[in-house]
Amino acid sequence: QVQLVESGGGLVQPGGSLRLSCVASGSIFSITSMGWYRQAPGKQRELVAIITRGGSTNYADSVKGRFTISRDNANAKNSLYLQMNSLKPEDTAVYYCNLATWIGSHRDYWGQGTQVTVSS
């Protein structure tokens, strides 16, 4: 069983920074990508940033230049991070960690989410 645990959310003022972390554990094989998604109240879940097995990254236009995704795969760790700078009120959402695998078919794993609130 695969588990993803996020941390690092909280309340921050506009212009501030937060760093989200996600630790994956369990029987993890054939990772194709890891990423961060977010869901604001009344809206659909959307991709924030993704990093592939090969290290390529992709960002939503709304966060380019402000957010940075990174990972740590050393020593069999599967940790994912999201450095968020210059936060805006519209970044307020629940942020979810995602791990995608491919073993004959695609499968997604999700964390429980961490709340990020940007408000003065």
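Residues numbered from 1 in each chain as written. Predicted model: local features only at pLDDT ≥ 70, side-chain atom pairs only at ≥ 80, totals over all residues. Heavy atoms only, no water.

## Description of the overall build of the protein chain
1) Next: A tally of helices and strands in the protein chain yields 0 helices and 11 strands.
2) Next: Across the protein chain, helices and strands are ordered from the amino to the carboxyl terminus as β-β-β-β-β-β-β-β-β-β-β.
3) Next: Relative to its length of 120 residues, the protein chain is compact, with a C-alpha radius of gyration of 14 Å against a globular reference of 14 Å.
4) Next: Classification of the 120 residues of the protein chain by burial places 42% in the buried group. (Helix = DSSP H or I, 4+ residues; strand = E, 2+ residues; numbered from the N terminus. Rg over C-alpha atoms; globule rule 2.2 N^0.38 Å. Buried < 20%, exposed > 50% of the residue type's maximum accessible area, 1.4 Å probe, protein only.)

## A short note on the sheet that holds strand 3 (residues 18-26)
1) Next: Taken in spatial order, the 4 strands of this open sheet run 1-3-8-7, and their pairing is antiparallel. Two strands close off the open sheet at either side, each with one partner strand: strand 1 (2-7) and strand 7 (67-72). Strand-to-strand twist across the sheet, computed as the mean angle between neighbouring axes with direction ignored, equals 15 degrees.
2) Next: Strand direction decides the pairing type here: strand 7 and strand 8 (residues 78-84), joined by 6 bridges, are antiparallel. Bridge assignment links Asp 72 to a residue of strand 8, and that residue is Ser 79. (Pairing = 2+ DSSP bridges. Axes fitted to C-alpha atoms, helices over the stretch in contact; angles between N-to-C directions.)

## A closer look at the pattern of salt bridges
1) Next: Scanning the entire structure with this criterion turns up 4 salt bridges.
2) Next: For Arg 38, the salt bridge is made with Glu 46, and the minimal N-O distance between the two is 2.7 Å.
3) Next: Through salt bridges that share partners, Arg 38, Glu 46, Arg 66 and Asp 91 make up one connected network. (Salt bridge = Lys/Arg side-chain N within 4 Å of Asp/Glu carboxyl O.)

## Observations regarding the layout of surface pockets
1) Next: Reported here for the largest pocket is a volume of approximately 190 Å³.
2) Next: Lining of the largest pocket is provided by 13 residues; of these, Arg 38, Ala 40, Lys 43, Glu 46 and Glu 90 occupy positions nearest its centre.
3) Next: Among the residues forming the lining of the largest pocket, the class breakdown is 2 nonpolar, 4 polar and 7 charged. (1 Å grid on protein atoms, 1.4 Å probe; cavity = no way out; pocket = protein on both sides within 12 Å on 5 of 7 lines; lining within 4 Å. Points joined across faces, edges and corners; volume = space filled by probe spheres on them. Nonpolar A, V, L, I, M, F, W, Y, C, P; charged D, E, K, R; others polar.)

## Remarks on the packing of aromatic side chains
1) Next: The tally for this structure, following the rule as stated, stands at 1 aromatic pair.
2) Next: The interplanar angle of 70 degrees and the centroid separation of 5.0 Å between the aromatic rings of Tyr 37 and Trp 110 together place this pair among those described as edge-to-face. Highlighted residues: Tyr 37 in strand 4 (residues 31-39) and Trp 110 in strand 10 (residues 106-110), separated in sequence by 73 residues.
3) Next: By relative accessible area, which is 35% here, Trp 110 ends up partly exposed.
4) Next: Sitting above the plane of the Tyr 96 ring, Arg 45 keeps its charged end 3.8 Å from the centroid. (Phe/Tyr/Trp six-rings, centres within 6.5 Å; stacked < 30°, edge-to-face > 60°. Lys NZ or Arg CZ within 6 Å of the ring centre and 35° of its normal.)

Functional significance is not addressed by these values, which are geometric in nature.
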